[in-house]
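One letter stands for each residue in the lines below.
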Amino acid sequence: MKKTDLELQRDVINEIHWDPSADGEIGVAAKDGVITLSGTVNSHAHKFSVIRAAERVFGVKAIAEDLVVKLPTSALRSDTDIAHAAVAALKWNVQVPPDRLMVRVDDGWLVLEGSVDWEYQRKAADESIRSLTGVKGVTNSITITQRPAAGDVRRRIEEALKRSAEVDARHVSVETRDGRVVLRGTVRSWTERKDAERAAWSAPGVTAVEDQLAISVPVLPA
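In what follows, the accompanying structure is described. Note that the coordinates shown come from a computational prediction; the quantities given were computed from them, not determined experimentally.

Criteria and thresholds
- Residues numbered from 1 in each chain as written.
- Predicted model: local features only at pLDDT ≥ 70, side-chain atom pairs only at ≥ 80, totals over all residues.
- Heavy atoms only, no water.
- Salt bridge = Lys/Arg side-chain N within 4 Å of Asp/Glu carboxyl O.
- Helix = DSSP H or I, 4+ residues; strand = E, 2+ residues; numbered from the N terminus.
- Buried < 20%, exposed > 50% of the residue type's maximum accessible area, 1.4 Å probe, protein only.
- Pairing = 2+ DSSP bridges.
- Axes fitted to C-alpha atoms, helices over the stretch in contact; angles between N-to-C directions.
- Polar contact = N/O pair within 3.5 Å; in protein donor to acceptor, adjacent residues only side chain to side chain.
- Contact = heavy atoms within 4.5 Å.
- Right-handed = clockwise from strand over helix to strand, strands pointing away.
- Parallel < 35°, antiparallel > 145°, perpendicular 65-115°, else oblique.
- Left-handed = near helix turned anticlockwise from the far one by under 90°.
- Nonpolar A, V, L, I, M, F, W, Y, C, P; charged D, E, K, R; others polar.

**A word on the pattern of salt bridges**
- With the rule as written, the count across this model stands at 22 salt bridges.
- A salt bridge links Asp126 to Arg130, with the nearest nitrogen and oxygen atoms 3.4 Å apart. Of this pair, Asp126 and Arg130 both sit in helix H4 (residues 119-130), 4 residues apart, which is roughly one turn of the helix.
- Its relative accessible area of 14% is what places Arg130 among the buried residues.
- Close ionic contact of Asp152 with Arg156 constitutes a salt bridge, the shortest N to O distance being 3.2 Å.
- We classify Arg156 as partly exposed; its relative accessible area is 38%.
- Because the salt bridges share partners, they merge into one network encompassing Asp152, Arg155, Arg156 and Glu159.

Right under this line is the structure:
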């Protein structure tokens, strides 16, 4: 049987409370599989954890977040201090290529710019600075360097989808052109959708992934 809005709301609230990095006074509303998150959090890392907790809940099709980061006085830092901390954090992460990125800070909001060769490096840069004290938000404007794409990139992605324990590859189609990948079809959960994206990004030559996958929640037996 399909979850009611009330059941989905309850499950999201319970998942947020279950995760010690996400727990807080968060407002949760549910309507036809769409979750709306509202309230105030004390860090960007806390905000990220709340969103990830909601994504893990079975039945969630989309998330609208209206979370506001309000730093406690003890966490306030100058933009200069945050910039120095961000540069150091990127330098110490072995997955982030050196001398490829630039950091800008405006009132606690970090902007990452530059280029890397792989999506995992782009994510590693984001993860390096997300939890720094004083950060209110992060805009990741890092681009993926254009590389010669393997001629069988589509086949490689399709094979990766089939290997994934989380993805039902039968319902996912892959289109590729000039380094750009488009995923279409249906998946059963937010987690399955993210795993499909990860598989696409892991193929050599991919510079952009357009995720057009719809979440179709299977009906649970009564």
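**Re the sheet that holds strand E2 (residues 34-41)**
- Spatially, 3 strands are ordered E1-E2-E3 in an open sheet, and the strand pairing comes out mixed. Each having just a single partner strand, strand E1 (26-31) and strand E3 (62-69) make up the two edges of the open sheet. Each strand of the sheet is rotated relative to its neighbour by a mean of 10 degrees, with strand direction disregarded.

**Considerations on the side chain of His46**
- Considering the arrangement of structural elements, one finds His46 in helix H2 (residues 44-55).
- Only 3.4 Å separates the side chain of His46 from the side chain of Asn42, close enough to count as a polar contact.
- Ignoring anything within four residues of it in the chain, the contact list for His46 reads Ser21, Ala22, Asp23, Gly24 and Val41.

**A look at the sheet that holds strand E10 (residues 208-215)**
- Reading across from one edge, E8-E9-E10 is the order of the 3 strands in this open sheet, with mixed pairing throughout. Unpaired on one side and paired on the other, strand E8 (172-177) and E10 mark the two borders of the sheet. Here the strands of the sheet are splayed against their neighbours by 10 degrees on average, with no regard to which way each runs.
- Across 6 bridges, the pairing between E8 and strand E9 (residues 180-187) is antiparallel. Looking across to E9, one finds that Ser173 is bridged to Arg184.
- In this fold helix H5 (residues 153-163) packs onto E8 and E9, with an angle of close to 155 degrees to the strand it touches most, E8.
- Here helix H6 (residues 190-201) sits on the sheet in contact with E9 and E10, set at roughly 155 degrees to E10.

**As for the pairing of E2**
- Two elements, E1 and E2, share 6 bridges in a ladder whose sense is antiparallel. Of the residues in E2, the one forming a bridge with Ile26 is Gly39.
- Hairpin connection, E1 to E2: the antiparallel pair is bridged by 2 residues, and Asp32 has positive phi, about 55 degrees.
- Here E2 pairs with E3 via 8 bridges, running parallel. Bridge pairing links Val34 to Ala62 in E3.
- In the classification by handedness, the crossover that spans E2, the intervening H2 and the parallel E3 is right-handed.

**Quick look at the packing of helix H3 (residues 79-92) against H4**
- Interaxial distance between H3 and H4 falls to 9 Å at its minimum, and their mutual angle equals 135 degrees. Classed by the angle they form, the pair H3 and H4 counts as oblique. Crossing of H3 over H4 shows right-handed handedness. Contact residues: Ala86, Ala89 and Leu90 in H3; Ala125, Ser128 and Ile129 in H4.
- Partitioned by chemical class, the residues of the contact of H3 with H4 number 5 nonpolar, 1 polar and no charged.

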